[in-house]
Amino acid sequence: MKIYFAGSISGGRQDAALYMQIISLLRKYGEVLTEHIGAESLTSLGEALDDKTIHDRDIAWLRSADMMVAEVTTPSLGVGYEIGKATEWKIPVLCLYRAATNRRLSGMLAGCGGAAVIEYLTLTELEPLLDEHLDTHKLLQAL
Ligand code: 6IA
């Protein structure tokens, strides 16, 4: 299974270490196409590539993915854009959201119908919820 992981870059890198830990959990289930999203060396200034190259590469990866997992706690225009594309292309989307922050999740994600949302507080809490969701996804794909 090819998994497209999305997380904030220019929206703020405060969760970069968490993204890397989530990417490690996702590797059990398949190939994570976007491992660089968790790299601490990737700052909010992004990669040393031009915008069109980044956009076209990321969109090609997303198009080829079997599933998208997005950490949406730090709001990011790019992640929102990618979720919109994935839902349009009927790629299953799983949003991970830490509800403890004093922001609510955008109604455009919570209400879009094409994206499942897991709310969690810690990685320990997230791991079994992620396993359950991805095991169910695998079973449904096998039918
Ligand atoms: O709006 P954001 O930058 O927070 O959007 C982050 C999302 O868009 C991630 O899931 C990435 O897949 C994608 N993305 C956006 N910008 C980049 C980037 N450099 N490098 C890789 N993926 C990106 C941005 C360069 C720019 C800040 C000068």
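None of these values were measured; they are calculated from a predicted model. (Residues numbered from 1 in each chain as written. Predicted model: local features only at pLDDT ≥ 70, side-chain atom pairs only at ≥ 80, totals over all residues. Heavy atoms only, no water.)

Further remarks concern unusual backbone geometry. One non-glycine residue, Lys90, lies in the positive phi region at around 60 degrees. Among the secondary structure elements, Lys90 is positioned in the loop between helix H3 (77-88) and strand S4 (93-98). (Helix = DSSP H or I, 4+ residues; strand = E, 2+ residues; numbered from the N terminus.)

What follows covers the site of the ligand. Residues in contact with the ligand amount to 21 residues; listed here are only the nearest, Ile9, Ser10, Ser76, Gly78 and Glu82. Within the side chain of Tyr4, one N or O atom sits 3.0 Å away from an oxygen atom of the ligand. Ile9 is positioned with one of its backbone polar atoms (N or O) 2.8 Å from an oxygen atom of the ligand. Secondary-structure elements contributing two or more residues to the shell around the ligand are strand S1 (2-6), helix H2 (51-64) and H3. No other element matches the four residues that H3 contributes to the shell around the ligand. Partitioned by chemical class, the residues of the shell around the ligand number eight nonpolar, nine polar and four charged. (Near = heavy atom within 4 Å. Polar contact = N/O pair within 3.5 Å; in protein donor to acceptor, adjacent residues only side chain to side chain. Nonpolar A, V, L, I, M, F, W, Y, C, P; charged D, E, K, R; others polar.)

Membership of the largest hydrophobic core comes to 20 residues, with the highest contact counts inside it found for Phe5, Ile22, Leu26, Val69, Leu96 and Leu130. Only S1, helix H1 (16-26), strand S3 (67-71), S4, strand S5 (115-120) and helix H5 (123-142) provide two or more residues apiece to this core. Once you skip the residues sitting within four places of it in the chain, Val69 turns out to touch Ile3, Tyr4, Phe5, Ala6, Leu26, Leu94 and Leu96. (Core = buried A, V, L, I, M, F, W, Y, C linked by side-chain atoms within 4.5 Å. Buried < 20%, exposed > 50% of the residue type's maximum accessible area, 1.4 Å probe, protein only. Contact = heavy atoms within 4.5 Å.)

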